[in-house]
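A structural walkthrough
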Amino acid sequence: MKIKLLIIIFCGFVSSCSSTKEGKYDGQIREDFKKYIEKIDNKSITPAASDLFVDAMVLQQQEKWAESIIDLNLALEQDSSAGIYYAIARAYSQLRRNELSIQAMEKSLDLNPRFLPTLEMLVEMYVHNNNIKDAIIVQKKILEVDNSLFNRLNYANLVEMYKPIDAIPLYEEILKDDPKNEKLIMALLELYKATKNNDKFKELLEKLQGLNSTSTTIGLQLLDMYLNNKEYSDAVELLNKVDKNVPTEDLKKYYGTVGYRMLYDSSMNDKLVINSYLDKIDSRFYFDWQMHLQAGYLASKIGNSTLSNEMFEKALKFSDTIPDIYASIGLYYLQKMKDSIAIIYLADGYKKFANDSRFPFFLGVANQSLKNYETSVAYFKKSNELNPEFLDNWIQLGVVYDLMGKGDSSDYYYEGALKIDSLNPLVNNNYAYSLSVRGERLNDAEEMSEIALSMEPKNAAYLDTYAWINFLIGKYDRSLEFIEKAIKQGDASAEVYEHYGEILMKLNRKDDAIKAYKNSLKLDPERESVIERLKIIERK
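Remember, predicted model here, so these are calculated numbers, not experimental data.

The next point concerns the overall build of the chain. Along the chain, the regular secondary structure elements total 31 helices and zero strands. Taking 2.2 N^0.38 as the reference for a compact globule, 540 residues should give roughly 24 Å; the C-alpha atoms of the chain span a radius of gyration of 40 Å, well beyond that estimate. Viewed in the frame of its principal axes, the chain has a C-alpha envelope of about 120 × 60 × 40 Å. Counting over 540 residues, the chain shows a buried share of 47%. Across the chain, contacts joining residues at least 24 apart in sequence account for 48% of those joining residues at least 6 apart. Of the roughly 28200 Å² of accessible surface on the chain, a fraction of 49% belongs to carbon and sulfur atoms. When the 68 positive and 81 negative side-chain charges of the chain are each reduced to one mean point, those points stand 2 Å apart.

Written out as structure tokens, the structure reads:
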């Protein structure tokens, strides 16, 4: 408050604010104080009242609130003013006598309705009591007296507390007069975000980033907005702007974020934008294997295998002592179902890091996919020797032996997997299905299938397994219930529809069964078992 500031200034002029009243101030200080009172109150008060007012202010500075009220009441006996009543209100407020404080404020404003210190104090009181509506009314009166930037901001802040959307035009108007006010820009950004005004949000965030080109926090926020809107060309352009303004580690956050989002956004296939990004990697991150690795993935995504291999080779060239690089490249090609290429990188990694169980495991996966089952088993067993507690090794050995028609070996590895994790849904489902295909231990298979479903009740494959086991046991109605649940999940395979057809045939619903078989062929046109089944139905 302005009067409080004056008190601090006065205390700086004298040797001690706690000295005796007599002879305490020289004539100049008294004169300055009188001028100040006249300035804020637009009314001169008598010298006697002025002296008592000064004494009261000193007491308030010393937090002697009750004593100050005595001097202020004596001052009122000499003269009255809005300033004296304001000081009384302030003292009562500090003593938590709110009713008396309000009464004093009312008298202050009766004498001078435009007295700013009292109006400001009234706003504070309303805000403290969470009465924002009345605080806004009073703050509007303050603007009629002093339309300063500070008061306009206070008014906008109060309006935002009461009705955020109404504060937007107020902040926008203030921003015209104070275009570099970052706190104001941040407040507007939050409001634009809350009201989903995306265009304004983007425009203002770009402005803020321009004011703070070295701020990684603001830059990444803008980048995230571009990427969420799939505005990849703008994102790459932002990389150009921040290139020389941020440290290398922060720059990596920018590039890494853009690369990751372009890589995993299936709708992003703009070769021009991706190539523009890739062109920068070598010059910015020449020795960074992680950035080269990501660049290799991106190059592969747009079909540039030459550049992809070049990036992968650079990642390996500068960091060939890191097994993660070989494993990451191999896994990437496995996910892309390019098993032969994956084997090249994984085999190189296995030569360098023979004790890393990931390499024989991934080599086993690649060879399994290529139907090199004997080779696959050999790799999985090697991985199992290196890491016998790795559950996936046991599962895959169970799967491959099952594909090879070696039921006893398959059961051995599934049993081993259950010893590691008896409630694992994948182990229980796969083991149960393997037994059902062989028509063996169907009660055990049903129990394991129930365990899998209890863990993942909406898994279409698990629902299909349970349905098929019930079909084999002869529980056809229950089998139908669960096969239809599997289909409703929206992820049904050709095998699921084939099973659906079998169940419907058993229930004498021939027409529905034919539809199910045809749906199976839509997903797998060369599925011989279904083709043959339809031929049999047609002959009947």
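Let us keep going from here.
The next point concerns the pattern of salt bridges. Evaluated as defined, the whole model comprises 26 salt bridges. Connected via shared salt-bridge partners are Lys202, Glu231 and Asp234.

Another aspect to go through is the layout of surface pockets. Unfilled space is identified by rolling a water-sized probe across the atoms. In this structure, the second largest pocket occupies an estimated 310 Å³ of space. Around the second largest pocket, the lining is made up of 15 residues, and of these Tyr433, Ala461, Asp464, Ser493 and Glu495 lie nearest the centre. Put simply, the parts of the chain that give the lining of the second largest pocket at least two residues each are α23 (391-403), α25 (425-438), α27 (460-473) and α29 (494-506). Here the element with the most residues in the lining of the second largest pocket is α27; it accounts for four residues. Split by residue class, the lining of the second largest pocket holds seven nonpolar, four polar and four charged.

All right, on to the environment of Leu272 then. Structurally, Leu272 is set in helix α16 (residues 271-284). The exposed category is assigned to Leu272, whose relative accessible area is 70%.

Looking at soluble globular proteins, one finds that nonpolar side chains tend to be buried together. By size, the foremost hydrophobic cluster in this structure holds 133 residues, and its most contacted members are Tyr171, Met262, Tyr277 and Leu278. Top contributing element to this core by residue count: helix α5 (residues 82-94), with nine residues. Setting aside residues no more than four positions away along its own chain, Leu278 makes contact with Ala295, Leu298, Ala299, Ile302, Leu307 and Met311. Within the second largest apolar cluster, 28 residues are counted, among which are Leu453, Ala486, Val496 and Tyr497.

On to helix α15 (residues 248-264), then. The periodicity of an α-helix, 3.6 residues per turn, causes residues three or four places apart in sequence to face the same way. Compared with the 24 Å implied by 1.5 Å per residue over 17 residues, the 24 Å span of α15 between its first and last C-alpha is a close match. Within the span of α15, buried status applies to Asp250, Leu251, Tyr254, Tyr255, Val258, Gly259, Met262 and Leu263. The elements touched by buried residues of α15 are α13 (216-228), α14 (232-242), α16 and α17 (289-301).

We now examine the packing of aromatic side chains. For the structure shown, the criterion picks out 26 aromatic pairs. Between Trp394 and Tyr412, the aromatic rings sit 6.4 Å apart at their centres with planes inclined by 45 degrees, giving tilted as the arrangement. A residue pair is termed long-range when its members are at least 10 positions apart, and Trp394 in helix α23 and Tyr412 in helix α24 (residues 407-420) qualify at 18 residues. Given a relative accessible area of 53%, Tyr412 falls into the exposed group. Members of the aromatic cluster, each reached through a chain of ring pairs, are Tyr297, Phe312, Tyr332, Tyr333 and Tyr345.

Attention now moves to α29. With 13 residues, α29 extends 19 Å between its outermost C-alpha atoms, agreeing within 8% with the 18 Å of an ideal straight helix rising 1.5 Å per residue. Along α29, the residues classified as buried are Ala494, Val496, Tyr497, Glu498, His499, Tyr500, Gly501, Glu502, Ile503, Leu504 and Met505. Buried residues in α29 make contact with α25, α27, α28 (476-488), α30 (510-523) and α31 (528-539). Taken from the residues just after α29, Asn508 is the one with a positive phi, measuring 60 degrees.

So, on to the side chain of Ser68. Inspection of the secondary structure assignment puts Ser68 in helix α4 (residues 65-78). Under the relative-accessibility criterion, Ser68 is labelled buried at 0%. Every residue in contact with Ser68, bar those within four places of it in the chain, is listed here: Ala56, Leu59, Gln60 and Ala91.

Attention shifts here to the packing of α25 against helix α26 (residues 442-455). Where α25 contacts α26, the two axes come as close as 8 Å, and the packing angle between them is 150 degrees. Comparing the axis directions of α25 and α26 gives the class roughly antiparallel. In terms of crossing hand, the pair formed by α25 and α26 is left-handed. On the side of α25, the interface is formed by Pro425, Asn428, Asn429, Tyr431, Ala432, Leu435 and Ser436, while α26 contributes Leu442, Ala445, Met448, Ser449, Ile451, Ala452 and Met455.

Below, the discussion takes up the confidence of the model for the chain. Detailed reading of predicted coordinates is not advised where the pLDDT is low. With 92% of its residues at a pLDDT of 70 or more, the chain has an overall mean of 87. Under a pLDDT of 50 for its full length, residues 1-26 has, in the predicted model, 40 contacts with residues more than four places off or in other chains.

Tracing the sequence through the fold places Glu502 in helix α29. Reaching out from Glu502, the side chain makes a polar contact with the side chain of Tyr517 at a distance of 2.5 Å. Sequence-distant contacts of Glu502, that is, excluding residues within four places in its chain, are made with Trp468, Phe471, Tyr517 and Arg533.

Glancing now at the environment of Gln221. Tracing the backbone shows Gln221 in helix α13. For Gln221, a relative accessible area of 28% gives the class partly exposed. Placed 282 residues apart in sequence, Gln221 and Ile503 show a C-alpha to C-alpha distance of 55 Å. Discounting residues that sit within four places of it in the chain, Gln221 has contacts with Phe201 and Leu205.

Attention shifts here to the environment of Pro113. Looking at the secondary structure, you find Pro113 in the loop between α6 (98-111) and α7 (116-128). Judged by its relative accessible area of 56%, Pro113 is exposed. Note: C-alpha distance between Pro113 and Val145 (32 residues apart in sequence) is 9.8 Å.

What counts and what doesn't
- Residues numbered from 1 in each chain as written.
- Predicted model: local features only at pLDDT ≥ 70, side-chain atom pairs only at ≥ 80, totals over all residues.
- Heavy atoms only, no water.
- Helix = DSSP H or I, 4+ residues; strand = E, 2+ residues; numbered from the N terminus.
- Rg over C-alpha atoms; globule rule 2.2 N^0.38 Å.
- Buried < 20%, exposed > 50% of the residue type's maximum accessible area, 1.4 Å probe, protein only.
- Contact = heavy atoms within 4.5 Å.
- Areas by Shrake-Rupley, 256 points an atom, 1.4 Å probe, with all protein chains shown as cover.
- Lys, Arg positive; Asp, Glu negative; His and termini not counted.
- Charge placed at Lys NZ, Arg CZ, Asp CG, Glu CD.
- Salt bridge = Lys/Arg side-chain N within 4 Å of Asp/Glu carboxyl O.
- 1 Å grid on protein atoms, 1.4 Å probe; cavity = no way out; pocket = protein on both sides within 12 Å on 5 of 7 lines; lining within 4 Å.
- Points joined across faces, edges and corners; volume = space filled by probe spheres on them.
- Nonpolar A, V, L, I, M, F, W, Y, C, P; charged D, E, K, R; others polar.
- Core = buried A, V, L, I, M, F, W, Y, C linked by side-chain atoms within 4.5 Å.
- Expected span 1.5 Å × (residues − 1).
- Phe/Tyr/Trp six-rings, centres within 6.5 Å; stacked < 30°, edge-to-face > 60°.
- Axes fitted to C-alpha atoms, helices over the stretch in contact; angles between N-to-C directions.
- Parallel < 35°, antiparallel > 145°, perpendicular 65-115°, else oblique.
- Left-handed = near helix turned anticlockwise from the far one by under 90°.
- pLDDT = per-residue confidence, 0-100.
- Polar contact = N/O pair within 3.5 Å; in protein donor to acceptor, adjacent residues only side chain to side chain.

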